[in-house]
Amino acid sequence: MSDFARPYLDKPSLLLMRRTAEVLDLPHTVCRRRSCRRANRCRWSFRETGMPCCRANLTPSRRWGFDAIVDLAARMRDNGGRSEAMTYASRHADERLLENLAVLVGWQALAGWQRRLYRRFLKLRAKAPPPDLPGFDPTRPPPPA
Ligand SMILES: [Zn+2]
């Protein structure tokens, strides 16, 4: 039995994973499937987990970044803009970079009324000052070496 299955289970978190793969250009940079490259998107997933196959080709540290972006995008989708504290605009420069990528992923994954809510979140987030500290949020577990 093959590890690959089509079509995707279209659950919201899997959609975020696929959009993350696209924002990071995985179909062109790490995917070994011609159909992904041609479609410009990740078209294959593992049957058991639903994870995009492109993710399996990442090195551990890159997978750490991938998962951090998916996690942030899910939190932004669920909580973004609910309060002043939920702007996901870190004072740490590297954390802010992850957050900016997650914003892109979230935008790609939402449509309709969700996108209208998300736009309100983005307006709130745009008012945040630029990051003034280096590195990642100290509460985030460090990437693997
Ligand atoms: Zn792929």
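Scoring rules and cut-offs
- Residues numbered from 1 in each chain as written.
- Predicted model: local features only at pLDDT ≥ 70, side-chain atom pairs only at ≥ 80, totals over all residues.
- Helix = DSSP H or I, 4+ residues; strand = E, 2+ residues; numbered from the N terminus.
- Rg over C-alpha atoms; globule rule 2.2 N^0.38 Å.
- Buried ≥ 20, exposed ≤ 12 C-beta atoms within 10 Å, placed from the backbone.
- Contact = placed C-beta atoms within 7 Å.
- Axes fitted to C-alpha atoms, helices over the stretch in contact; angles between N-to-C directions.
- Left-handed = near helix turned anticlockwise from the far one by under 90°.
- Nonpolar A, V, L, I, M, F, W, Y, C, P; charged D, E, K, R; others polar.
- Domains from an automatic or database assignment.
- Expected span 1.5 Å × (residues − 1).

1. Remarks on the overall build of the chain
Phase 1: Looking only at helices and strands, the chain has seven helices and two strands in total.
Phase 2: When the helices and strands of the chain are read in sequence order from the N terminus, they spell out β-α-α-α-β-α-α-α-α.
Phase 3: In terms of overall size, the chain behaves like a compact globule, its C-alpha atoms giving a radius of gyration of 16 Å where 145 residues would be expected to give roughly 15 Å.
Phase 4: Principal-axis analysis of the C-alpha atoms places the extent of the chain at approximately 50 × 40 × 25 Å.
Phase 5: Of all 145 residues assigned to the chain, the portion counted as buried reaches 29%.
Phase 6: Summarising the internal contacts of the chain: among those between residues at least 6 apart in sequence, 69% fall at separations of at least 24.

2. Focus: unusual backbone geometry
Phase 1: One non-glycine residue with positive phi stands out, namely Asn40, at about 65°.
Phase 2: Within the fold, Asn40 resides in the loop between helix 3 (34–39) and strand 2 (45–46).
Phase 3: Classification of Asn40 as exposed rests on a count of 11 C-beta atoms within 10 Å.
Phase 4: Of note, Tyr88 is a non-glycine position whose phi angle comes to about 50°, a positive value.
Phase 5: Examined against the element boundaries, Tyr88 turns out to sit in the loop between helix 5 (60–79) and helix 6 (93–109).
Phase 6: In this structure Tyr88 comes out as buried when scored by C-beta crowding, with 24 C-beta atoms within 10 Å.

3. A few points about the environment of Asp137
Phase 1: Examined against the element boundaries, Asp137 turns out to sit in the segment after helix 7 (112–126).
Phase 2: In this structure Asp137 comes out as partly exposed when scored by C-beta crowding, with 14 C-beta atoms within 10 Å.
Phase 3: For Asp137 and Asp71, which are 66 residues apart along the polypeptide, the C-alpha to C-alpha distance reads 14 Å.

4. Topic: the packing of helix 5 against helix 6
Phase 1: The N-to-C vectors of helix 5 and helix 6 enclose an angle of 60°; their axes lie 8 Å apart at closest approach. As for the relative orientation of helix 5 and helix 6, their crossing is right-handed in sense. Contacts between helix 5 and helix 6 involve Ala68, Ile69, Leu72, Ala73, Met76 and Arg77 from the first element and Leu98, Glu99, Leu101, Ala102, Val103, Val105 and Gly106 from the second.
Phase 2: Residues belonging to the contact of helix 5 with helix 6 are distributed by class as follows: ten nonpolar, one polar and two charged.

5. A word on the environment of Val30
Phase 1: When you line up the elements, Val30 lands in the loop between helix 2 (26–29) and helix 3.
Phase 2: Remark: the alpha-carbon pair of Val30 and Arg125, spanning 95 residues in sequence, is separated by 32 Å.
Phase 3: Other than its neighbours up to four places away in sequence, Val30 contacts Cys54, Asn57 and Leu58.

6. Overview of the domain arrangement of the chain
Phase 1: Its domain assignment divides the chain into domain 1 (1–58) and domain 2 (59–145).
Phase 2: The gap between the C-alpha centroids of domain 1 and domain 2 is 21 Å.
Phase 3: Broken down by element, the residue count for the side of domain 1 that touches domain 2 peaks at eight residues, all from helix 1 (residues 12–23).
Phase 4: Considered class by class, the residues forming the side of domain 1 that touches domain 2 number six nonpolar, two polar and three charged.

7. Notes on helix 5
Phase 1: When the terminal C-alpha atoms of helix 5 are compared, their 28 Å separation across 20 residues agrees well with the 28 Å that a helix rising 1.5 Å per residue should span.
Phase 2: Within the sequence span of helix 5, burial applies to Phe66, Ala68, Ile69, Val70, Leu72, Ala73, Met76 and Arg77.
Phase 3: Where the residues of helix 5 are buried, they touch helix 1, helix 4 (53–56), helix 6 and helix 7.
Phase 4: One or two residues past the end of helix 5 sits Gly81, with phi positive at roughly 80°.

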